[in-house]
Amino acid sequence: MDTQSRQVNLDWIPASGFQLRKAGVQFDAARVDGEDGRRLADLLEVMTNGDPGPVVAEAYGRRSVYFLVPVGSTAHRPWPRGVTRLGSGPAHVSFIPVPALRGHTWPLSWRFPPTSAGRFVHPLLLWHSATVVLSRSSGT
(Lines give C-alpha, C1' and ligand atoms only; values in the text may rest on other atoms or scores of the structure.)
Protein backbone atom coordinates (compact mmCIF):
# COMPACT_ATOMS: atom_id res chain seq x y z
CA MET A 1 0.00 0.00 0.00
CA ASP A 2 1.44 3.41 -0.86
CA THR A 3 1.81 6.31 1.56
CA GLN A 4 -1.00 8.40 0.08
CA SER A 5 -3.61 5.67 0.48
CA ARG A 6 -2.75 5.41 4.20
CA GLN A 7 -3.16 9.13 4.91
CA VAL A 8 -6.13 10.08 7.04
CA ASN A 9 -8.54 12.40 5.26
CA LEU A 10 -10.88 13.88 7.85
CA ASP A 11 -12.62 17.14 7.05
CA TRP A 12 -12.47 18.36 10.67
CA ILE A 13 -8.66 18.50 10.63
CA PRO A 14 -7.40 21.88 9.36
CA ALA A 15 -5.02 21.93 6.41
CA SER A 16 -2.57 24.14 8.33
CA GLY A 17 -2.16 25.70 11.76
CA PHE A 18 -4.98 24.88 14.15
CA GLN A 19 -8.67 25.65 14.52
CA LEU A 20 -11.35 25.35 17.17
CA ARG A 21 -14.02 22.73 16.50
CA LYS A 22 -17.42 22.77 18.15
CA ALA A 23 -17.95 19.82 20.48
CA GLY A 24 -20.90 17.61 19.70
CA VAL A 25 -20.48 17.67 15.93
CA GLN A 26 -17.73 15.16 15.08
CA PHE A 27 -16.53 14.44 18.64
CA ASP A 28 -16.43 15.58 22.25
CA ALA A 29 -13.34 15.72 24.43
CA ALA A 30 -12.08 15.20 27.94
CA ARG A 31 -9.34 17.63 28.97
CA VAL A 32 -6.77 16.91 31.66
CA ASP A 33 -4.24 19.62 32.45
CA GLY A 34 -0.50 19.41 33.10
CA GLU A 35 1.49 16.34 34.03
CA ASP A 36 -1.66 14.42 34.94
CA GLY A 37 -2.78 14.67 31.32
CA ARG A 38 0.59 13.48 30.09
CA ARG A 39 0.62 10.56 32.52
CA LEU A 40 -2.88 9.62 31.41
CA ALA A 41 -1.82 9.70 27.74
CA ASP A 42 1.21 7.53 28.61
CA LEU A 43 -1.00 4.98 30.37
CA LEU A 44 -3.45 4.82 27.46
CA GLU A 45 -0.54 4.37 25.05
CA VAL A 46 0.65 1.33 26.99
CA MET A 47 -2.85 -0.12 27.37
CA THR A 48 -3.65 0.19 23.65
CA ASN A 49 -0.29 -0.81 22.16
CA GLY A 50 0.33 2.75 21.00
CA ASP A 51 -3.06 3.52 19.43
CA PRO A 52 -5.44 4.99 22.02
CA GLY A 53 -7.24 7.21 19.50
CA PRO A 54 -6.73 10.90 18.77
CA VAL A 55 -5.07 12.92 21.54
CA VAL A 56 -3.99 16.57 21.28
CA ALA A 57 -1.32 18.06 23.56
CA GLU A 58 -0.82 21.73 24.35
CA ALA A 59 2.72 23.01 25.02
CA TYR A 60 1.81 26.31 26.69
CA GLY A 61 -0.38 27.62 29.50
CA ARG A 62 -2.15 24.80 31.33
CA ARG A 63 -0.34 22.28 29.11
CA SER A 64 -3.69 20.58 28.56
CA VAL A 65 -4.15 17.20 26.94
CA TYR A 66 -7.37 16.70 24.96
CA PHE A 67 -8.69 13.15 24.53
CA LEU A 68 -11.13 13.09 21.61
CA VAL A 69 -14.09 10.80 22.32
CA PRO A 70 -17.38 10.00 20.53
CA VAL A 71 -20.13 12.63 20.68
CA GLY A 72 -22.10 12.47 23.95
CA SER A 73 -19.82 9.95 25.64
CA THR A 74 -18.69 12.22 28.48
CA ALA A 75 -22.15 13.41 29.49
CA HIS A 76 -23.73 10.55 31.44
CA ARG A 77 -21.26 9.69 34.15
CA PRO A 78 -19.42 11.59 36.86
CA TRP A 79 -15.77 12.04 35.90
CA PRO A 80 -12.91 12.26 38.38
CA ARG A 81 -11.82 15.67 39.66
CA GLY A 82 -9.27 17.01 37.20
CA VAL A 83 -11.19 15.99 34.05
CA THR A 84 -12.99 18.76 32.19
CA ARG A 85 -15.72 17.49 29.89
CA LEU A 86 -16.02 19.35 26.61
CA GLY A 87 -19.36 18.71 24.98
CA SER A 88 -22.36 20.69 23.82
CA GLY A 89 -25.93 20.74 24.98
CA PRO A 90 -28.77 23.08 25.89
CA ALA A 91 -27.28 26.48 26.83
CA HIS A 92 -23.74 25.05 26.73
CA VAL A 93 -21.21 24.99 23.90
CA SER A 94 -17.56 23.90 24.10
CA PHE A 95 -14.80 24.27 21.54
CA ILE A 96 -11.86 21.91 21.13
CA PRO A 97 -8.53 22.94 19.57
CA VAL A 98 -7.47 20.76 16.64
CA PRO A 99 -4.04 21.05 14.97
CA ALA A 100 -3.18 20.22 11.37
CA LEU A 101 -1.43 16.91 10.80
CA ARG A 102 1.71 18.68 9.50
CA GLY A 103 3.38 22.05 9.60
CA HIS A 104 3.51 24.76 12.24
CA THR A 105 0.78 24.12 14.85
CA TRP A 106 2.43 25.41 18.04
CA PRO A 107 1.33 25.38 20.84
CA LEU A 108 -0.70 22.32 19.80
CA SER A 109 0.45 18.97 18.48
CA TRP A 110 -0.94 15.50 17.97
CA ARG A 111 0.24 13.24 20.77
CA PHE A 112 -1.62 10.49 18.89
CA PRO A 113 -3.02 11.51 15.50
CA PRO A 114 -6.32 10.16 14.20
CA THR A 115 -5.88 6.90 12.32
CA SER A 116 -9.32 6.50 10.70
CA ALA A 117 -12.72 8.16 10.47
CA GLY A 118 -14.88 7.38 13.48
CA ARG A 119 -11.95 6.12 15.58
CA PHE A 120 -11.77 7.93 18.93
CA VAL A 121 -10.47 7.32 22.44
CA HIS A 122 -12.66 4.69 24.12
CA PRO A 123 -14.59 6.62 26.81
CA LEU A 124 -14.78 3.81 29.39
CA LEU A 125 -11.08 3.06 29.07
CA LEU A 126 -10.38 6.78 29.44
CA TRP A 127 -12.67 7.08 32.46
CA HIS A 128 -11.11 4.11 34.29
CA SER A 129 -7.58 5.24 33.42
CA ALA A 130 -8.30 8.82 34.53
CA THR A 131 -9.66 7.50 37.82
CA VAL A 132 -6.39 5.65 38.44
CA VAL A 133 -4.04 8.45 37.33
CA LEU A 134 -5.88 11.26 39.08
CA SER A 135 -6.34 9.33 42.34
CA ARG A 136 -2.57 8.73 42.46
CA SER A 137 -1.99 12.42 41.78
CA SER A 138 -4.28 13.58 44.57
CA GLY A 139 -2.98 10.95 46.99
CA THR A 140 -6.34 9.27 47.57
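The rules we used
Residues numbered from 1 in each chain as written. Predicted model: local features only at pLDDT ≥ 70, side-chain atom pairs only at ≥ 80, totals over all residues. Heavy atoms only, no water. Helix = DSSP H or I, 4+ residues; strand = E, 2+ residues; numbered from the N terminus. Rg over C-alpha atoms; globule rule 2.2 N^0.38 Å. Contact = heavy atoms within 4.5 Å. Areas by Shrake-Rupley, 256 points an atom, 1.4 Å probe, with all protein chains shown as cover. pLDDT = per-residue confidence, 0-100. Salt bridge = Lys/Arg side-chain N within 4 Å of Asp/Glu carboxyl O. Buried < 20%, exposed > 50% of the residue type's maximum accessible area, 1.4 Å probe, protein only. Expected span 1.5 Å × (residues − 1).

Moving on to the overall build of the protein. Within the protein, the regular secondary structure consists of three helices and seven strands. Written out in order from the N terminus, the α and β elements of the protein read α-β-β-α-β-β-β-β-β-α. The globule rule puts the C-alpha radius of gyration for 140 residues at 14 Å, and the 15 Å found for the protein is close to it. Counting only C-alpha atoms, the protein reaches 50 × 35 × 25 Å along its principal axes. Contacts in the protein between residues at least 24 apart in sequence constitute 82% of all its contacts with a sequence separation of at least 6. Summing over all exposed atoms, the protein offers an accessible surface of approximately 7900 Å²; the carbon and sulfur share of this is 53%.

Turning our eyes to something else, we now look at the confidence of the model for the protein. For the protein, the mean per-residue pLDDT works out to 91, and 91% of the residues sit at or above 70. Note on residues 1-6: pLDDT under 50 across the span, and one contact to partners over four residues away in sequence or across chains.

As a further point, take the pattern of salt bridges. Within this structure, the stated rule accounts for six salt bridges. Between Arg111 and Glu45 there is a salt bridge, and its shortest N-O distance comes to 3.9 Å. One end of the pair, Arg111, is in strand β7 (residues 108-112); the other, Glu45, is in helix α2 (residues 34-47), with 66 residues separating them in the sequence. Given the relative accessible area of 28%, Arg111 is considered partly exposed. A relative accessible area of 33% places Glu45 in the partly exposed class. The network of salt bridges with common partners includes Asp42, Glu45 and Arg111.

This paragraph deals with α2. Along its 14 residues, α2 runs 20 Å from first to last C-alpha, staying within 8% of the 20 Å computed at 1.5 Å per residue. All of the buried residues in α2 are Gly34, Asp36, Gly37, Arg38, Leu40, Ala41 and Leu44.

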